[in-house]
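So the chains spell out like this:
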Amino acid sequence: MVVMDEKIKILVFVDYYLPGYKSGGPIRSIFNIVERLGDEFIFKIITRAHDYGDLTPYPHIEVDSWQPCGKAEVIYLSPEKITFKNLRLIILDTEHDIAYLNSFFSPAFTFKPLLLRLINLIPQKPFIVAPRGEFSRGALSIKRFKKKIYLYCTKLIGLYNKVFWHATSIYEEADIRQSFNPHITIITANDMPAPIHIRRGYRKMHEKKVGFLKIAFLSRIARMKNLDSALRILKNIKGNIQFNIYGIKEDDDYWKECESIIRKLPENIRVEYHGCVEHDNVASVFEQHDILFLPSMGENFGHVILEAMLAGCPVLISDKTPWRDLEAKHVGWDLPLDEPERFREILQLLIDMDKSSFETWTKTAYEYGFMISRSEDIEMQTRNMFALVKTNRI
């Protein structure tokens, strides 16, 4: 463990932050770091003044000026202020030890700060780049040509030279090395769960019934999240299914594809779209469902997976996330995407399961989620990452 004599000042760049919620994981990742380590480090966050997909600023915030948000200070930038000139002035005027970038492909909050550094228009402070799952095979397969061009050009000019990389699992570390460079400096620190302020125990508002399964799909509606595959898997299953979809429609064309599949499903499968869910309401959504079904093409962490477990909701997911060997832990299943029949077998098993048998899964899911959320080792990994970067410049 690296011990520091004074608080490290971290300047965080992220496209969206609280009170936003529509962009999903990165907001939760940064918020969890700030809330769990905000008494030990000084966090200042540069972000947009609006949520993902919105055009109007958040209500009750002062645009383009610093203000408190939890244990951090945040500046919410209007679109006209996200310029090279203004970002340079903010960086120069904000005392910091580390710049922490939470995307690889963000034009505004990764490319611009790194280019300012490359041409020596800002101090040569240590930079950490956290790709947040953008190097997974599934993520790179979307808009592949544009991403290949960006990768080639940024390597050519050395935009990412001499930065630290933050991987949140051994799987992401392997993805980054394979797609970018096997010789870069990567620090692996698991994504941090939310701080737990709940009593031990859980409550389920929905009781499992034999022959019926109430499923939640809670995620951005984008090709990466694989909703279309989830819908196709539902075919040819015996029993009744209520399949509820929650999340922002990120890709209208993709949603139309999903709607086409929904129209062709048999009568025993009822599908409804319920829009976005604010984070404070996520737990109550899961408490009213039997299972989270999320066969995504890749998750950097999958905060929603942990949130489901904490609500006593087992999970049925792909093997493209850090959550592995779930069946052995009796909290869910992680299955290969190229074996849809295995997903169907588990769904049929769940439909046929009675309340008593199912309760063993819900209780174990909660206990496992609680254990992960209480882990001090995860806090220590992130704490040491910042301290190491501060004291070991490349």
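A few points on the structure. (Residues numbered from 1 in each chain as written. Predicted model: local features only at pLDDT ≥ 70, side-chain atom pairs only at ≥ 80, totals over all residues. Heavy atoms only, no water.)

**Thoughts on helix α5 (residues 144-157)**
Taking 1.5 Å of rise per residue, 14 residues should cover 20 Å, and α5 covers 20 Å from first to last C-alpha, within 8% of that figure. Residues K147, Y150, L151 and T154 constitute the buried set of α5. Summarising the axial view, the buried residues of α5 lie within an arc of 100°, below the 170-degree limit, and thus occupy one face. α5 presents F145, K148, Y152 and L156 as exposed residues on the side facing more than 90 degrees away from its buried surface. Buried positions along α5 lie against α3 (107-118), α4 (137-140) and α6 (170-179). (Helix = DSSP H or I, 4+ residues; strand = E, 2+ residues; numbered from the N terminus. Expected span 1.5 Å × (residues − 1). Buried < 20%, exposed > 50% of the residue type's maximum accessible area, 1.4 Å probe, protein only. Arc of directions from axis to C-beta. Contact = heavy atoms within 4.5 Å.)

**A look at α3**
Along α3, nine of the 12 residues are buried, which leaves the element largely enclosed by surrounding structure. For α3, the set of buried residues is A108, F109, T110, K112, P113, L114, L115, L116 and R117. One or two steps after α3, the chain reaches N120, where phi turns positive at roughly 60°.

**Remarks on the nonpolar core**
Among the nonpolar cores identified, the biggest contains 96 residues, and Y17 and F243 are the most heavily contacted of them. Element by element, the count of residues in this core is highest for helix α13 (residues 355-373), at seven residues. Excluding anything up to four places from it in sequence, F243 contacts I215, F217, L227, A230, L231, L234, R270, V271, E272 and F293. Membership of the second largest hydrophobic core comes to 34 residues, among which are L77, F127, Y160 and I184. (Core = buried A, V, L, I, M, F, W, Y, C linked by side-chain atoms within 4.5 Å.)

**Thoughts on a nonpolar patch on the surface**
Where nonpolar side chains cluster on the molecular surface, the patch consists of L118, I119, L121, Y152, L156 and I157 and spans about 580 Å² of accessible area. In terms of residues, the nonpolar patch owes the most to one element, α5, which gives three residues. By secondary structure assignment, the location of L118 is in helix α3. Residue classification places L118 among the partly exposed positions, given a relative accessible area of 32%. (Patch = residues over 30% accessible without salt bridge, like charges linked within 9 Å, V, L, I, M, F, W, Y side chains within 5 Å. Areas by Shrake-Rupley, 256 points an atom, 1.4 Å probe, with all protein chains shown as cover. Salt bridge = Lys/Arg side-chain N within 4 Å of Asp/Glu carboxyl O.)

**Regarding the packing of helix α1 (residues 25-37) against helix α14 (residues 376-391)**
It is the contact of α1 with α14, at a shortest axis distance of 11 Å, that shows an interaxial angle of 90°. Considered as vectors, α1 and α14 are oriented roughly perpendicular to each other. Taking contact as the criterion, the partners of I33, R36 and L37 in α1 are, on α14, E379, T382, R383 and F386. (Axes fitted to C-alpha atoms, helices over the stretch in contact; angles between N-to-C directions. Parallel < 35°, antiparallel > 145°, perpendicular 65-115°, else oblique.)

**With respect to the state of the cysteines**
Counted according to the given criterion, the structure contains zero disulfides. The thiol of C69 is not disulfide-bonded; the next cysteine sulfur, from C276, is found 19 Å away. (Disulfide = S-S within 2.5 Å.)

**A few points about the sheet that holds strand β7 (residues 164-167)**
The eight strands lie next to each other as β3-β4-β2-β1-β5-β6-β7-β8, forming an open sheet whose pairing is mixed. Of all the strands in the sheet, the pair left with one neighbour each is β3 (66-69) and β8 (186-188). Across the sheet, the mean angle separating the axes of adjacent strands is 25° when strand polarity is ignored. Relative to strand β5 (residues 98-101), strand β1 (residues 9-13) is paired through four bridges, and the arrangement is parallel. Residue pairing across strands places L11 opposite A99, the latter belonging to β5. Running at roughly 165° to strand β4 (residues 72-77), helix α2 (residues 84-93) makes contact with β1, β2 (42-48), β3 and β4 of the sheet. (Pairing = 2+ DSSP bridges.)

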